Amino acid sequence: MTFIQMWLFMTNRPEPLRQASLLMLLAGGVGHGDSLLQSLQAHEQESKSVWASKIGQLRMLLEQGHSLSGALSIISELLPDQTVTAIRVAEGTGALADVLMDEARRLHDQTRSKSGSPRTLEQDLLWAAALLTVASFIVTFLIVFIVPKFKQIFIGFGVALPPATMAVIEVSDFAYSYWYLFIVPGTASVVVFFWLVYSSLWKKLTLGYPRFAGLWPRYWLPGILRTLSLSAATGQPLGRALDCVMQDLPPGRSATVVSALRHRVHGGEDAVAAMQSVGLLRASEAAFLHSSLRTHHLDWGLRHLAASVERRRRNLFRRLSQFIGPGVVLIVGAIVMFLARGFFEPLITLLDDLSREG
């Protein structure tokens, strides 16, 4: 469990563990309206704060006659948008209970995979930013307050300063003279970076997608494939599934691409070929789906490809995370080497001169 998810859990806000529990509760009440409302009321009473309020809203909306997907769409941040899409497609097919359990397992598995790894990519970015921020403050203090005094001391001794020390002094003089050009942009950049990473992880835990996912069409590919597999398994038109996907997509390039895909499918084009045409599928992925279509196992092929894409994405992020730590160590090490050489070379020269005079 990441520290942000732990904070969400402790403050009774939506997060994957609570969302998975709610989905299992809903799955148990499918087809039994009174029992479902009683279960939601009991869950509301035993919950607190924000989560209890959202469960109460869900119960009241269902009592008023809203469909489950419609009620979940009205309540913000109760369940991930892709889960709401899957529920909307599954309603009326007789497979709603199975879809709810599948989504609950998927959310639980995501949490388990995160807790099984030492850190997530977002945590590594926050750690790296914090370490570099602390290092920049230390370097700034040395350059602004220590280096000028250091320079005066060695000028008083009449020691010729080596090139490395002169480079440190030149950097110090430049930073001291033009500090106002760095402090505001530097501070703003650090604050914005921390906010973007933190808000992205928060959004990923509550809504199921990170910030700027609307600009990355292939991020939504696993969810689209799972939604299409539901339609393929129940014999529904694939265009209806894409209509449901469009209702829950955030605005951006991803929504534009999926909208183009929907128009192609409604126009009679093969869904797999259309996904390849708009750039959602690679050639090898399209060939795999065409093969599963020929063997009349399109629903299985769609789900298998969705799991494969998510697995490759997790491996990619894990590999990227492995480069963050060594990269930060190299950057901080280079700064320390630059300062240490500038500080210690004149000291060695001074000691050498004094030993010769003695």
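Residues numbered from 1 in each chain as written. Predicted model: local features only at pLDDT ≥ 70, side-chain atom pairs only at ≥ 80, totals over all residues. Heavy atoms only, no water.

Asker: Just to check I follow, could you spell out the pattern of salt bridges for this structure?
Answerer: Between side chains of opposite charge, a pair can form as their charged atoms come close. This structure, assessed with the given rule, holds 13 salt bridges. Among the ionic pairs, Arg303 bridges to Asp102, the shortest N-O distance being 3.9 Å. Highlighted residues: Arg303 in helix α16 (residues 298-357) and Asp102 in helix α7 (residues 96-116), separated in sequence by 201 residues. The closest approach of N and O atoms between Arg218 and Glu285, which form a salt bridge, is 3.1 Å. Separated by 67 residues along the polypeptide, Arg218 in the loop between α10 (180-207) and α11 (221-234) and Glu285 in helix α15 (residues 283-294) bring together distant segments of the chain. Owing to a relative accessible area of 4%, Glu285 belongs among the buried residues under this scheme. What you see here is one network of salt bridges that share partners, running through Arg218, Arg282, Glu285 and Arg312. (Salt bridge = Lys/Arg side-chain N within 4 Å of Asp/Glu carboxyl O. Helix = DSSP H or I, 4+ residues; strand = E, 2+ residues; numbered from the N terminus. Buried < 20%, exposed > 50% of the residue type's maximum accessible area, 1.4 Å probe, protein only.)

Asker: Mind showing me how you'd approach the packing of aromatic side chains here?
Answerer: A ring pair, where both rings are aromatic, is described by two values, the distance of the centres and the angle of the planes. This model, assessed by the stated rule, comprises 5 aromatic pairs. Residues Tyr198 and Trp202 carry aromatic rings whose centres are separated by 5.8 Å and whose planes lie at 50 degrees to one another, so their mutual orientation is tilted. With Tyr198 and Trp202 both in helix α10 and 4 residues apart, the pair spans about one turn of that helix. On the basis of relative accessibility, which here comes to 33%, the residue Tyr198 falls in the partly exposed class. Taken together, a centroid distance of 5.6 Å and an interplanar angle of 85 degrees make the contact between Tyr219 and Trp220 edge-to-face. What links up through ring pairs into an aromatic cluster is the set Tyr209, Trp216, Tyr219 and Trp220. Taking the ring centre of Phe9 as reference, the NZ or CZ of Arg18 above it sits at 4.5 Å. One cation-aromatic arrangement involves Arg313 over Trp216; the distance from NZ or CZ to the ring centre is 5.0 Å. (Phe/Tyr/Trp six-rings, centres within 6.5 Å; stacked < 30°, edge-to-face > 60°. Lys NZ or Arg CZ within 6 Å of the ring centre and 35° of its normal.)

Asker: Where do I start with the side chain of His43 in this structure?
Answerer: Secondary-structure assignment places His43 in helix α3 (residues 33-46). Accessibility expressed as a relative area gives 13% for His43, which makes it buried.

Asker: Sorry if this is basic, but what is going on with the environment of Pro80 here?
Answerer: Mapped onto the secondary structure, Pro80 falls in the loop between α5 (68-74) and α6 (81-90). Pro80 sits 23 residues away from Glu103 along the chain, and the two C-alpha atoms are 9.8 Å apart. Beyond its immediate sequence surroundings of up to four residues, Pro80 is in contact with Gln19, Leu107, Thr206, Leu207 and Gly208. (Contact = heavy atoms within 4.5 Å.)

Asker: Can you walk me through unusual backbone geometry in this structure?
Answerer: Negative phi is the rule for most residues except glycine; trans is the rule for most peptide bonds. Not every positive phi belongs to a glycine, and Ser49 is a case in point at roughly 55 degrees. Along the chain, the position of Ser49 falls in helix α4 (residues 49-63). Of the residues examined, Ser49 reaches a relative accessible area of 48% and is grouped as partly exposed. Here the phi dihedral of Phe212 falls at roughly 70 degrees; this positive angle occurs in a residue that is not glycine. Positionally, Phe212 belongs in the loop between α10 and α11.

Asker: Explain a positive patch on the surface here, please?
Answerer: Together, Arg311, Arg314, Arg318 and Arg319 make up a region of like positive charge exposed at the surface. Structurally, Arg319 can be placed in helix α16. Overall, Arg319 belongs to the partly exposed group, its relative accessible area being 48%. (Patch = residues over 30% accessible without salt bridge, like charges linked within 9 Å, V, L, I, M, F, W, Y side chains within 5 Å. Areas by Shrake-Rupley, 256 points an atom, 1.4 Å probe, with all protein chains shown as cover. Lys, Arg positive; Asp, Glu negative; His and termini not counted. Charge placed at Lys NZ, Arg CZ, Asp CG, Glu CD.)

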